Amino acid sequence: MALNAWSTSSTAKLDATIQRLQDNDPELTSLFILPNQSLPESQWLKLCDALKVNTHLESLYASGHAIGEVGALVLCEALMDNATLKSVCVGSSSFGDDGLAALSPGLALNGSLRRLDLENKGVSGKGVQTLIDTLGESHSMSELRELSLARNEAVGNDGARALASAVASSANPLRFLEVISLRSTGLTDRSLVPGSVALPISSALRTLDLRKNNFSHPETGGAQPFLALIEAVARASKLESLLVSDCELELVPAVLSVDSSGSASHDAASTVSDRLVAAFKACESLRHLNVSGNLLSRPVAHQQDVDGEDAIAPRLRRRRSAAACLGHACAAAPRLEKLDISSIGLGHGEAEAPASLDVGVAFVEALCEQPGPAQSLQVVDMSKNSLSVTAATAAVLNLRHVAQKLFLTQNKIGDDGVRSVSKALCSPDGARPQTLLLLDLANNGMTEAGAVDLLATVGKRIRRRGDANMDTPSADVPPANAPIPLRVLVVGGNLLGEAGHAAAEALEAEAVDLQIYRGKLEEEDAESQHS
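Residues numbered from 1 in each chain as written. Predicted model: local features only at pLDDT ≥ 70, side-chain atom pairs only at ≥ 80, totals over all residues. Heavy atoms only, no water.

### Focus: the overall build of the chain
Thought 1: Assigned secondary structure in the chain consists of 15 helices and 18 strands.
Thought 2: Counting all 531 residues of the chain, 52% fall into the buried class.
Thought 3: Summarising the internal contacts of the chain: among those between residues at least 6 apart in sequence, 85% fall at separations of at least 24.
Thought 4: Accessible surface, the chain: about 22,400 Å² in total, of which carbon and sulfur atoms supply 49%. (Helix = DSSP H or I, 4+ residues; strand = E, 2+ residues; numbered from the N terminus. Buried < 20%, exposed > 50% of the residue type's maximum accessible area, 1.4 Å probe, protein only. Contact = heavy atoms within 4.5 Å. Areas by Shrake-Rupley, 256 points an atom, 1.4 Å probe, with all protein chains shown as cover.)

What follows is the structure, encoded as structure tokens:
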């Protein structure tokens, strides 16, 4: 049984919990002390003393508490004796390099710990180097598999480079790390130099979190960090999850430009595109890619277009080429299951742009052009892209046969867009079965009229209670008109009005296994739908 010490707990209650540790209570396997819970030094010393003899506690969380160098030394001694702890997260931003240096010898002599969480602990590149050196000593027993250095801005490129050397060393136990978080650690594009990527990428790595670093580079050209990153992680044979959201990355190099006639610069563009596709194809174990909040492609600084209508087509052709390149690359990843490309600028941004130049459509068509994605892709998030109605419709029309969950949140497609999307969802399927179980249309500027039309259209293709073909479509029901498998429809954040809410309630009452989220999704619901 996991026992948590909450903020409402008294000092006496925490003392009782520590006594349970001392008594080696087999039901106490997890101890969670909230940051606003009082944790005097005297109690911390008792807790660490109890850890020396305890053989059941597996997880210790005391993050946000000012555990300094002395407190770290006491925990260090406890870790030398303890053989059951698997996860530790202690200290506040004042913990720092000194606290980590004091704790490191205990980490080296502990053979049970699998997860070390140092998020927001005031650690710098110097502290990372100290940890590496201590764990690399010949007597080290470390079995760490997960390491988080998130929200330590001072780690920087130097810390990442040191960790990269450690995981590449056959003499350092950190080479077995499977999960590494460098989120918000002050990394720059200097860590992503082509041919010399200074990041901890190894054959054991399964998850690499690089979110919220600034990998931007000069618009005039130079190295392309995203291409360098994908080519580097392609060598990590077990990598399943790559998280690089909000990193100021240019996902498709600006070299994918067009000349004055609107044609792509063939040699440079095809070379970069081929390299990106080849790199993704080599990511044989990659299942989850999050590149949200980055840039599809930057404007080409040395190739400015003139103002006016004549400037629209060349700009859109460049962006469309970039979107198609990214779509083909993602499609090449053989086992990709979850793709988050929200807020990368897949909207064309030109109100009068023709559908043939639509950037979002180019991405979707490229992603679904080959049969590969149908074998693995399950979740696609295209939220916050300012998608056109045409692009949102194309996303549903193509991905309804591929993905299980499609998020189109905050694209502001309005009533016309919602109507178009619903018709695409419910249009005849042909010989291909639908797979879409969840469709998220939250915060899209839908009004009461649009909501009523959406629900009426969906209602014609879902299974209703009492339908003769509710369990198994009968032989005389054409496959094209068989019920769609949709189970969750999210329409929260729209002005549904009284009629829209009434239509939703009526459809939920009649439908089999259909949930309609109309309000703001609760945090746990949103998390479960994305998982």
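That covers the picture; the talk isn't over yet.
### Details of the side chain of serine 148
Thought 1: Within the secondary structure, serine 148 is located in strand β6 (residues 146–148).
Thought 2: Of the residues examined, serine 148 reaches a relative accessible area of 12% and is grouped as buried.
Thought 3: Excluding residues within four positions of it along the chain, serine 148 makes contact with Leu116, Asp117, Leu118, Glu119 and Ser181.

### With respect to the packing of helix α4 (residues 96–108) against helix α5 (residues 125–135)
Thought 1: For the pair α4 and α5, the least separation of the axes is 9 Å and the interaxial angle reads 15°. Relative to α5, the element α4 lies roughly parallel. Relative to α5, the crossing made by α4 is right-handed. Mapping the contact onto sequence places Asp97, Leu100, Ala101, Ser104, Pro105, Leu107 and Ala108 in α4 and Lys126, Gly127, Val128, Thr130, Leu131, Thr134 and Leu135 in α5. (Axes fitted to C-alpha atoms, helices over the stretch in contact; angles between N-to-C directions. Parallel < 35°, antiparallel > 145°, perpendicular 65-115°, else oblique. Left-handed = near helix turned anticlockwise from the far one by under 90°.)

### A closer look at the nonpolar core
For soluble globular proteins, the rule of thumb is that nonpolar side chains tend to be buried together.
Thought 1: Core analysis: the largest hydrophobic core is formed by 147 residues, its most contacted members being Met382 and Leu439.
Thought 2: With 9 residues, helix α9 (residues 312–332) is the largest single contributor of residues to this core.
Thought 3: What leucine 439 contacts, discounting residues up to four positions off in sequence, is Val396, Leu406, Leu408, Val421, Leu425, Leu486, Val488, Leu489 and Val490.
Thought 4: Counting residues in hydrophobic clusters, the runner-up holds 7 residues, among them Leu438, Ala442, Val490 and Tyr517. (Core = buried A, V, L, I, M, F, W, Y, C linked by side-chain atoms within 4.5 Å.)

### Describing the pairing of strand β2 (residues 30–33)
Thought 1: Both β2 and strand β3 (residues 59–63) contribute to a ladder of 3 bridges, which runs parallel. Its bridge partner lying in β3, phenylalanine 32 is registered against tyrosine 61.
Thought 2: A crossover links β2 with its parallel partner β3, the connecting element being helix α2 (residues 41–51), and its sense is right-handed. (Pairing = 2+ DSSP bridges. Right-handed = clockwise from strand over helix to strand, strands pointing away.)

### A short note on the environment of glutamine 378
Thought 1: By the element assignment, glutamine 378 lies in the loop between α10 (359–367) and β14 (379–381).
Thought 2: Residues glutamine 378 and glutamate 337, 41 residues apart in the sequence, show an inter-C-alpha distance of 4.9 Å.
Thought 3: Those residues in contact with glutamine 378 that sit more than four places away from it in its chain are Glu337, Ala403, Gln404 and Lys405.

### Some thoughts on the pattern of salt bridges
Thought 1: In this structure the tally under the stated criterion is 17 salt bridges.
Thought 2: Taking the shortest distance from any N to any O, the salt bridge between arginine 419 and aspartate 416 comes out at 3.4 Å. With arginine 419 and aspartate 416 both in helix α12 (residues 414–426), this residue pair falls 3 residues apart, about one helical turn.
Thought 3: Residue arginine 419 is classed as partly exposed on the basis of its relative accessible area, which comes to 26%.
Thought 4: Relative accessible area serves as the criterion here: at 58%, aspartate 416 is assigned to the exposed category.
Thought 5: Taken together, the shared-partner salt bridges in this structure form one network comprising Arg115, Asp117 and Glu146. (Salt bridge = Lys/Arg side-chain N within 4 Å of Asp/Glu carboxyl O.)

### Digging into the packing of α2 against helix α3 (residues 69–81)
Thought 1: Contact geometry for α2 and α3: axes closest at 8 Å, N-to-C directions at 15°. Overall, the two elements α2 and α3 adopt an arrangement that is roughly parallel. Classified by chirality, the crossing of α3 by α2 is right-handed. Contacts between α2 and α3 pair Glu41, Trp44, Leu45, Cys48 and Leu51 from the former with Val70, Gly71, Val74, Leu75 and Ala78 from the latter.
Thought 2: Partitioned by chemical class, the residues of the contact of α2 with α3 number 8 nonpolar, 1 polar and 1 charged. (Nonpolar A, V, L, I, M, F, W, Y, C, P; charged D, E, K, R; others polar.)

### Focus: the environment of serine 285
Thought 1: Looking at the element boundaries, serine 285 is found in the loop between α8 (266–282) and β12 (288–290).
Thought 2: Under the relative-accessibility criterion, serine 285 is labelled buried at 14%.
Thought 3: As a C-alpha pair, serine 285 and proline 334 span 49 residues in sequence and 7.7 Å in three-dimensional space.
Thought 4: Not counting residues within four places of it along the chain, the set of residues in contact with serine 285 comprises Ala236, Ser237, Lys238, Leu239 and Glu240.

### Some points on α10
Thought 1: Taking burial as the measure, the 9 residues of α10 include 8 buried ones, the bulk of the element.
Thought 2: Within the sequence span of α10, burial applies to Val359, Gly360, Val361, Ala362, Phe363, Val364, Ala366 and Leu367.
Thought 3: Its side-chain oxygen placed 3.0 Å from the backbone nitrogen of glycine 360, aspartate 358 serves as the N-cap of α10. (Polar contact = N/O pair within 3.5 Å; in protein donor to acceptor, adjacent residues only side chain to side chain.)

### Looking at the confidence of the model for the chain
Thought 1: Residues at a pLDDT of 70 or more form 83% of the chain, whose mean pLDDT is 86.
Thought 2: Below pLDDT 50 for its whole length, residues 4–8 participates in 14 contacts with residues either more than four positions away or in separate chains.
Thought 3: Confidence drops under a pLDDT of 50 for residues 257–266, and excluding neighbours within four residues, the segment shows 15 contacts in the predicted structure. (pLDDT = per-residue confidence, 0-100.)

### Some words on unusual backbone geometry
With the exception of glycine, the majority of residues adopt a negative phi angle, and the majority of peptide bonds are in the trans configuration.
Thought 1: Look at arginine 151: it is not a glycine, yet its phi comes out positive at around 60°.
Thought 2: Positive phi values are uncommon outside glycine, yet glutamate 248 reaches one of about 55°.
Thought 3: When you line up the elements, glutamate 248 lands in the loop between β11 (241–243) and α8.
Thought 4: Looking at glutamate 248, the relative accessible area reads 39%, which means it is partly exposed.

### Concerning the packing of aromatic side chains
Thought 1: Counted under the stated rule, the structure contains 2 aromatic pairs.
Thought 2: For the ring pair phenylalanine 32 and tyrosine 61, a centre distance of 4.3 Å and an interplane angle of 5° mean the geometry is stacked. A residue pair is termed long-range when its members are at least 10 positions apart, and phenylalanine 32 in strand β2 and tyrosine 61 in strand β3 qualify at 29 residues.
Thought 3: Summarising the aromatic geometry, the rings of phenylalanine 226 and phenylalanine 280 are spaced 6.3 Å apart at their centres and angled 50° between planes, so their arrangement reads as tilted. Linking phenylalanine 226 in helix α7 (residues 225–233) with phenylalanine 280 in helix α8, this pair joins segments that are 54 residues apart in sequence.
Thought 4: Residue phenylalanine 226 is classed as buried on the basis of its relative accessible area of 1%. (Phe/Tyr/Trp six-rings, centres within 6.5 Å; stacked < 30°, edge-to-face > 60°.)

### Quick word on the pairing of strand β4 (residues 87–91)
Thought 1: Burial of β4 is extensive: 5 of the 5 residues sit out of reach of the surface.
Thought 2: In this sheet, β4 lies alongside β3 in parallel orientation, the contact comprising 5 bridges. What sits directly across from alanine 62, in β4, is valine 90.
Thought 3: In terms of handedness, the path from β3 via α3 over to β4 forms a crossover that is right-handed.
Thought 4: Summarising the sheet, β4 and strand β5 (residues 115–117) pair through 2 bridges and their orientation is parallel. Counterpart to valine 88 in the pairing with β5 is leucine 116.
Thought 5: Following the backbone out of β4, through α4 and into the adjacent parallel β5, one traces a crossover that is right-handed.

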